[in-house]
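Each chain, letter by letter, is given below.
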Amino acid sequence: MSRIGRMPIAVPAGVTVDIAENNKVTVKGPKGTLERVLPKEMEMKLEGDIITVCRPNDLKKMKSLHGLTRTLVNNMIVGVTAGYEKVLEINGVGYRASKSGKKLTLNLGYSHPVEMEDPEGLESKVDGNKIIISGIDKEKVGQYAAEIRDKRRPEPYKGKGIKYADEVIRRKVGKTGKK
């Protein structure tokens, strides 16, 4: 039995979960509404304020979908109540970010500034050398953060670039001169 899959999901007050046919799950909460179609083989039961996910058999595919389905539903519930947030740090001389409206402008040592538009449902804030991305969909927050990081990945010699706040960059020793 999947350790994660068999854990029940508690639905907090103020959140409504609707499980329609073909496992179309709609979660409404104080921060917004999320909708997702989950694998139809999984059996989801809503009893009171607890959701349980069951699998039909012990095939390898069903075992792998069991924990995934439960985690996706849990992420939706956490998203509409607390929301998700990713923090990126910009390191490097002359590297900076600025925000105007929904447009994020990054100066990353290229000949031109890199401009990015905030996707639907996400918000980015610039605080000094930090970029904070927040939203209710965990997948979209992570994807947008990864796209921003890809504009200038951290390099191992000086650590210049955009990195996640909790990321540790493995540093390398540079060249040494002749004696």
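Anything mentioned here points back to the structure above.
From a predicted model like this one, the values you see are computed outputs, not experimental measurements.

Novice: An account of the side chain of T26 is requested, with residue identities and associated values reported.
Specialist: Along the chain, T26 turns up in strand 3 (residues 24-29). Given the relative accessible area of 13%, T26 is considered buried. Once residues lying within four places of it in the same chain are set aside, the contact partners of T26 are T16, V17, D18, T33, L34 and E35.

Novice: An account of the environment of K130 is requested, with residue identities and associated values reported.
Specialist: Secondary-structure assignment places K130 in strand 12 (residues 130-135). In sequence terms K130 and K31 are 99 residues apart; their C-alpha atoms lie 24 Å from each other. Once residues within four sequence positions are removed from consideration, K130 is found in contact with V87, L88, E89 and K125.

Novice: Can you lay out unusual backbone geometry for me, pointing to particular residues and giving the numbers?
Specialist: At N22, a position not held by glycine, the phi torsion is positive, near 55°. Its place among the elements puts N22 in the loop between strand 2 (16-19) and strand 3. With a phi angle near 55°, N23 is a residue other than glycine that sits in the positive phi range. Looking at the secondary structure, you find N23 in the loop between strand 2 and strand 3.

Novice: Residue-level account of the pairing of strand 10 (residues 114-117), with values.
Specialist: The alternating pattern of strand 10 places V114 and M116 on a buried face, while none of E115 and E117, on the opposite face, is buried. Here strand 9 (residues 103-107) runs beside strand 10; their pairing, made up of four bridges, is antiparallel. Along strand 10, the bridge assignment pairs L106 with V114. Once strand 9 ends, the chain turns through six residues before running back antiparallel as strand 10, passing G109 with a positive phi of about 85°.

Novice: Please give an account of the sheet that holds strand 9 that cites residues and values.
Specialist: Taken in spatial order, the three strands make up an open sheet running 8-9-10, and their pairing is antiparallel. Bordering the open sheet on either side are strand 8 (96-100) and strand 10, each of which pairs with just one other strand. Adjacent strand axes in the sheet meet at a mean angle of 20° when their direction is disregarded. The sheet contacts of helix 2 (residues 138-150) involve strand 9 and strand 10, and relative to strand 10 the element is tilted by about 170°.

Thresholds applied
- Sequence positions are assigned chain by chain, starting from 1 and proceeding in written order.
- Only residues with pLDDT of at least 70 get local features here, since the model is predicted, and only at 80 or more are side-chain atom pairs given and counted; chain-wide, interface and lining totals rely on the full set of residues.
- Side-chain measures were taken over the full set of non-hydrogen atoms in the model, leaving aside hydrogen atoms and water.
- Helical segments are the DSSP runs of H or I of at least four residues, strand segments are the runs of E of at least two, and each set is numbered from the N terminus.
- Buried means the residue's accessible area, taken with a 1.4 Å probe over protein chains only, is under 20% of the maximum for its type, while exposed means over 50%, and partly exposed covers the values in between.
- Two residues form a contact once any of their heavy atoms are found within 4.5 Å.
- Two strands qualify as a pair provided DSSP detects at least 2 bridges between them.
- Every axis in this analysis is a line fitted to C-alpha atoms, fitted for helices over the stretch in contact. Angles between the N-to-C directions lie between 0 and 180 degrees.

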